[in-house]
Amino acid sequence: MNNLLSSEKPIPFEFLINGTFLRTSIDEYLVDNGISAETTLEIEYVRALIPPLHIASFQHDDWVSSTDVLSTTSPAASWASGATVKKGQERILSGSYDGLLRIWNMSSETIATSPAATEGGHTASIKAAKFVSPNQIASAGLDRTVRLWKYTEDEGGFAGKIAPQLELYGHKSGIESLAVHAQSNRLLTGSSDHTVGFWSTKKADAPAAPENLLPSNARNSKRRKLNSSVSTAQRGPLNLLSGHTAPVAAAIFDAKDATVGYSASWDHSLRTWDLVTGGLVDTRTTSHSLLSLEHLPELNLLAAGTAARHITLIDPRASATTVAAMTLRGHTNAVVSLARDPHSTYGLISGSHDGTCRIWDIRSTKTDKEGVVGESVYSITRKSLEEEGKADSKRVGGEGVKVFSVCWDKTIGIVSAGEDKRIQINRGEGVLSSKA
């Protein structure tokens, strides 16, 4: 192939037939699939994925529950109106179990930290955090609140400020996940109270906050002394979507239609919602608790991470005849975070409590006793374990440093966070597809 392309330097390629990676010789493939040697095959070639190399690790004081990226290629940059992101001034956002948000530059320096609880910050661990735009952040956590923050930097970009902007009340238990759709000024949350929250990021659009849930309520006078956030505007949800019978671990917007939402729950179900009416459109019941969710829109699939250590690919369309389109296997503990590959419509990355992130190309499959299953292309271990000489040690039952969050940015690379109190950055080339 390199000769055909007249490549100056050899390029590693992989090959696909009928949408599946070729793992044997062509002769063996023909025999195994009962295909005549005279049949014309369409072979697709793709540039092989280069193993992601460790670039940097940022040390925290506590477990890191969530991470997001601001770069020229990140969603928040594409949603920006007026504010821009300059090349070389990429930022990483982290949410921590210590209740604080932090903004980092690529030199592992903390540029800004959110206020403490006594100054209008979260009063418990943060579980989810996202850039809404280059100058706005959303976060949610175990204090049952969603919070909007204004983010500003000084002219040189050496220091910044995270200032409280809006507090949203409505959930009656901790919030586990947060999704942003900046164009419509909407948020989705998944909570342990079994509901999906639908919110506005605009103070003028949001209804009044439920009085009984406000920290300034007389019955919460003890909390009032700990929290001076009454100066920050407080609002309630546009809607609380009920139907799940267990904690909602993940809630996301449809990647192509923000009037549609999806939620995944410990109750084993994946639900589709009409966000305009608040109506439940569809329920798909699986065999295991669902802990994470990502949309692969070009393939009409949702990827759901499970407590049973695998990822289930589900077609949410009403015409789908089966619940699971494919299963991706390889993790040895719960799969709690998922993100799309920005380079490929077929790519996905997962973060697990087994201490690894795995890269998947759903065209990479193998056949086992359960039929055709997907297998990971690469596994990324925690650098902290390598430094301790434990990266290659056998984990019994998935023991190790838990990964809590992972995101994949075209510019920065793969950013993951976990129990080792670190943000870890790995970078590798994406898969480029062509046909022969």
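Please refer to the structure placed before this passage.
Residues numbered from 1 in each chain as written. Predicted model: local features only at pLDDT ≥ 70, side-chain atom pairs only at ≥ 80, totals over all residues. Heavy atoms only, no water.

This part is about the sheet that holds strand β22 (residues 290-296). Reading across the sheet, the eight strands line up as β22-β23-β24-β25-β29-β28-β27-β26 and stay open at both edges, with mixed pairing between neighbours. The open sheet is flanked by β22 and β26 (335-340), the only strands paired with a single partner. Sheet twist, expressed as the mean angle between neighbouring strand axes with direction ignored, is 30°. Here strand β24 (residues 311-314) pairs with strand β25 (residues 324-329) via four bridges, running antiparallel. Within the sheet, the bridge partner assigned to I314 lies in β25 and is A324. (Pairing = 2+ DSSP bridges. Helix = DSSP H or I, 4+ residues; strand = E, 2+ residues; numbered from the N terminus. Axes fitted to C-alpha atoms, helices over the stretch in contact; angles between N-to-C directions.)

What follows concerns the pattern of salt bridges. For the coordinates displayed, the defined rule picks out 11 salt bridges. A salt bridge links E176 to K127, with the shortest nitrogen-to-oxygen separation between them at 2.7 Å. Pair noted here: E176 is in strand β13 (residues 175-181) and K127 is in strand β9 (residues 126-133), with a separation of 49 residues, a long-range link. Classification of K127 as buried rests on a relative accessible area of 17%. Across the salt bridge formed by R382 and D420, the nearest N and O atoms sit 3.0 Å from each other. In this pair, R382 sits in the loop between β29 (371-381) and α5 (383-387) while D420 sits in the loop between β31 (413-418) and β32 (422-427), placing the two residues 38 residues apart along the sequence. Exposure class is identical for R382 and D420. Each is buried. (Salt bridge = Lys/Arg side-chain N within 4 Å of Asp/Glu carboxyl O. Buried < 20%, exposed > 50% of the residue type's maximum accessible area, 1.4 Å probe, protein only.)

To continue, consider unusual backbone geometry. As a rule of thumb, non-glycine residues mostly have phi less than zero, and peptide bonds are mostly trans rather than cis. A positive phi angle, close to 75°, is found at R144, a residue other than glycine. Within the secondary structure, R144 sits in the loop between β10 (136-141) and β11 (146-153). The residue H194 is not glycine, and still its phi comes out positive at about 80°.

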